[in-house]
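Letter by letter, the chains look like this.
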There are 2 protein chains.
Amino acid sequence: MTIPLISIVGKSNSGKTTLVEKLIPELVKRGYRVATIKHNKHGFDIDHEGKDSWRHKKAGACATVIACPTQVALIEDLERDLSLDEIRDNYIKNADVILAEGFKGNPFPKIEVHRAELQRELLCGKEDNLLAIASDSKPEIGVPCLDINDVKGIADLIVKNLLK
Amino acid sequence: MTIPLISIVGKSNSGKTTLVEKLIPELVKRGYRVATIKHNKHGFDIDHEGKDSWRHKKAGACATVIACPTQVALIEDLERDLSLDEIRDNYIKNADVILAEGFKGNPFPKIEVHRAELQRELLCGKEDNLLAIASDSKPEIGVPCLDINDVKGIADLIVKNLLK
């Protein structure tokens, strides 16, 4: 079965990671296993210099896995940017819902994080499969607007739209 | 097709990671895509405090993927320790050979790294599917012994036994 996925979008510094960080325990508390996907077009820095896994990767391994009894990590080279559904299908198993952060222009349902103080326009419109806006104000663009701090309400919306 | 796997074993501080680190570029130079698996029974520390992916995982995500156009990383919770073949089958694609480090008691072909100065006995015997010993001395246990610094010779042995 395909794992339901919702994309948390928003301009930089709008508070996407903070919202994801609050939604995860709220959904876990309701019994859902939550996975996340983060995209960073400029690359990312993971692992610590000098660790064995870091040394393997630096020596030229195309993929390095490090495992212990409770956790596994994989770092793998890619030949091209993957789409959100490719990432979901190739890397995520055993989750009930996926929160994706930092992907734009995908076809998945979305919540846009917005803060009036940044004085910027919204990134998405109704036509972008936008389920709701999570904001500290009330932008009127014909989709529901939830309070950015109403984590329960936002989780309710995710459950209602993706998990029921 | 199942990816051939060789396990690099040895007592602690024998130089396993250093050997793996030298073998990777030697095999890559010969045209093979090399993946590695490292096992650490005491757990591992990956990712950096405060990074978005770190915040997702800490908030309770059962799996977190971070992706950029050239690389992807996955950190996933496990309910039990996985065997080497489970890790290979679940996490490694697109490699020609896998070097595994730190797994004991597995059925895969092995090279044992040994240094006389540590004054310790060997970990494996012929019955453990030991292809060779890589040592700074010449322990006589009925399997070939290669010089610990003869990276080309050790790579030849891997190619001959696993990749031809």
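Residues numbered from 1 in each chain as written. Chains lettered and ligands numbered in written order. Predicted model: local features only at pLDDT ≥ 70, side-chain atom pairs only at ≥ 80, totals over all residues. Heavy atoms only, no water.

1. As for the overall build of chain A
A tally of helices and strands in chain A yields 4 helices and 8 strands. Overall size of chain A, expressed as C-alpha extent along the three principal axes, is 55 × 35 × 25 Å. The buried share of chain A, taken over its 164 residues, is 56%. Long-range pairs, those at least 24 residues apart, make up 55% of the contacts in chain A between residues at least 6 apart in sequence. Of the roughly 7,800 Å² of accessible surface on chain A, 46% is carried by carbon and sulfur atoms. (Helix = DSSP H or I, 4+ residues; strand = E, 2+ residues; numbered from the N terminus. Buried < 20%, exposed > 50% of the residue type's maximum accessible area, 1.4 Å probe, protein only. Contact = heavy atoms within 4.5 Å. Areas by Shrake-Rupley, 256 points an atom, 1.4 Å probe, with all protein chains shown as cover.)

2. Some thoughts on the nonpolar core
The biggest cluster of nonpolar side chains holds 42 residues, and the ones touching the most others in it are Ile37, Tyr91 and Ile92 of chain A together with Ile37, Tyr91 and Ile92 of chain B. Setting aside anything within four residues of it in sequence, one finds Ile92 of chain A in contact with Ile3, Ala35, Thr36, Ile37, Ile87 and Ile98 of chain A together with Val65 of chain B. (Core = buried A, V, L, I, M, F, W, Y, C linked by side-chain atoms within 4.5 Å.)

3. A look at the pairing of strand β2 (residues 34-39) of chain A
Along a regular strand, successive side chains alternate from one face of the sheet to the other. All names here are of chain A. Of all 6 residues that make up β2, 6 are buried, and the element is covered over most of its length. Of the two faces of β2, the one carrying Val34, Thr36 and Lys38 and the one carrying Ala35, Ile37 and His39 are both buried. Both β2 and strand β5 (residues 97-101) contribute to a ladder of 5 bridges, which runs parallel. Pairing of Ile37 across the sheet is with Ala100, part of β5. (Pairing = 2+ DSSP bridges.)

4. Here's the deal with helix α1 (residues 16-29) of chain A
The periodicity of an α-helix, 3.6 residues per turn, causes residues three or four places apart in sequence to face the same way. The end-to-end C-alpha distance of α1 of chain A is 20 Å, a good match for the 20 Å that 14 residues give at a rise of 1.5 Å each. Within α1 of chain A, burial applies to Lys16, Thr17, Leu19, Val20, Leu23, Ile24, Glu26 and Leu27 of chain A. (Expected span 1.5 Å × (residues − 1).)

5. Details of the relation of the copies chain A and chain B
Overlaying chain A on chain B yields an RMSD of 0.0 Å, the required transformation being a rotation through 180 degrees with an accompanying axial translation of 0.0 Å. Expressed as an axis order, the relation between the two copies is that of a two-fold axis. Looking at chain A, 100% of its interface residues are interface residues in chain B too, so the copies touch through the same face. (Least-squares fit on C-alpha atoms with pLDDT ≥ 70 in both.)

6. Describing the interface of chain A and chain B
How big an interface is tends to be stated in terms of accessible area lost as the parts join. Taken together, the contact pairs 57 residues of chain A with 57 residues of chain B. A combined buried area of about 5,500 Å² lies between chain A and chain B, and 58% of that area is made up of carbon and sulfur atoms. Inspection of the chain A/chain B interface yields 4 salt bridges. A salt bridge links Glu21 of chain B to Arg55 of chain A; the shortest N-O distance between them is 2.8 Å. Remark: the boundary between chain A and chain B carries 31 residue pairs in polar contact (both at pLDDT 80 or more). Looking at the side of chain A that touches chain B, the elements with two or more residues in it are α1, β2, α2 (52-58), β3 (63-67), β4 (71-77) and α3 (84-91) of chain A. Of the residues assigned to the side of chain A that touches chain B, the class counts are 27 nonpolar, 14 polar and 16 charged. Pairing of β4 of chain A with strand β4 (residues 71-77) of chain B involves 7 bridges; the strand directions are antiparallel. Bridged to Leu74 of chain A within β4 of chain B is Leu74 of chain B. (Buried area = accessible area lost by both parts, 1.4 Å probe. Salt bridge = Lys/Arg side-chain N within 4 Å of Asp/Glu carboxyl O. Polar contact = N/O pair within 3.5 Å; in protein donor to acceptor, adjacent residues only side chain to side chain. Nonpolar A, V, L, I, M, F, W, Y, C, P; charged D, E, K, R; others polar.)

7. Topic: the side chain of Lys38 of chain A
Mapping Lys38 of chain A onto the fold places it in strand β2. At a separation of 3.3 Å, a polar atom in the side chain of Lys38 of chain A contacts the side chain of Glu101 of chain A. Leaving out residues up to four positions away in the same chain, Lys38 of chain A has contacts with Thr17, Glu101 and Phe103 of chain A together with Asp52, His56, Val65, Ile66 and Ala67 of chain B.

8. Quick notes on the pattern of salt bridges
Note that side chains of opposite charge can pair when their charged atoms are close. Throughout the structure, instances matching the rule amount to 24 salt bridges over all chains. As a salt-bridge pair, Arg30 of chain A and Asp156 of chain A come within 2.7 Å of each other at their nearest N and O atoms. Highlighted residues: Arg30 of chain A in the loop between α1 and β2 and Asp156 of chain A in helix α4 (residues 151-163), separated in sequence by 126 residues. Note that Glu101 of chain B and Lys38 of chain B form a salt bridge whose closest N and O atoms lie 3.2 Å from each other. Here Glu101 of chain B is found in strand β5 (residues 97-101), whereas its partner Lys38 of chain B is found in strand β2 (residues 34-39), with 63 residues between them in sequence. Taken together, the shared-partner salt bridges connect Glu21, Lys38 and Glu101 of chain A together with Asp52 and Arg55 of chain B into one network.

9. As for the environment of Ala67 of chain A
With respect to the helices and strands, the residue Ala67 of chain A is situated in strand β3. By relative accessible area, Ala67 of chain A is classed as buried at 2%. Setting aside anything within four residues of it in sequence, one finds Ala67 of chain A in contact with Val72 of chain A together with Lys38, His39, Asn40, Phe44 and Ile87 of chain B.

10. Focus on the packing of α1 of chain A against α4 of chain A
Residues and elements named next belong to chain A. In the contact formed by α1 and α4, the axes pass within 9 Å of each other and the chain directions differ by 65 degrees. Judged by the angle between their axes, α1 and α4 are roughly perpendicular. Between α1 and α4 lies a crossing of right-handed hand. For the pair α1 and α4, contact is made by Leu19, Lys22, Leu23, Glu26, Leu27 and Lys29 and by Val151, Lys152, Ile154, Ala155, Ile158 and Val159, respectively. Considering only residue class, the contact of α1 with α4 consists of 8 nonpolar, no polar and 4 charged. (Axes fitted to C-alpha atoms, helices over the stretch in contact; angles between N-to-C directions. Parallel < 35°, antiparallel > 145°, perpendicular 65-115°, else oblique. Left-handed = near helix turned anticlockwise from the far one by under 90°.)

11. Considerations on the state of the cysteines
Residues and elements named next belong to chain A. If you walk through the whole model with that rule in mind, you get 0 disulfides over all chains. Cysteine Cys124 shares no disulfide, and the gap to the nearest cysteine sulfur, in Cys145, comes to 14 Å. Using a relative accessible area of 12% as the deciding quantity, one classes Cys124 as buried. With relative accessibility at 18%, the residue Cys145 sits in the buried group. (Disulfide = S-S within 2.5 Å.)

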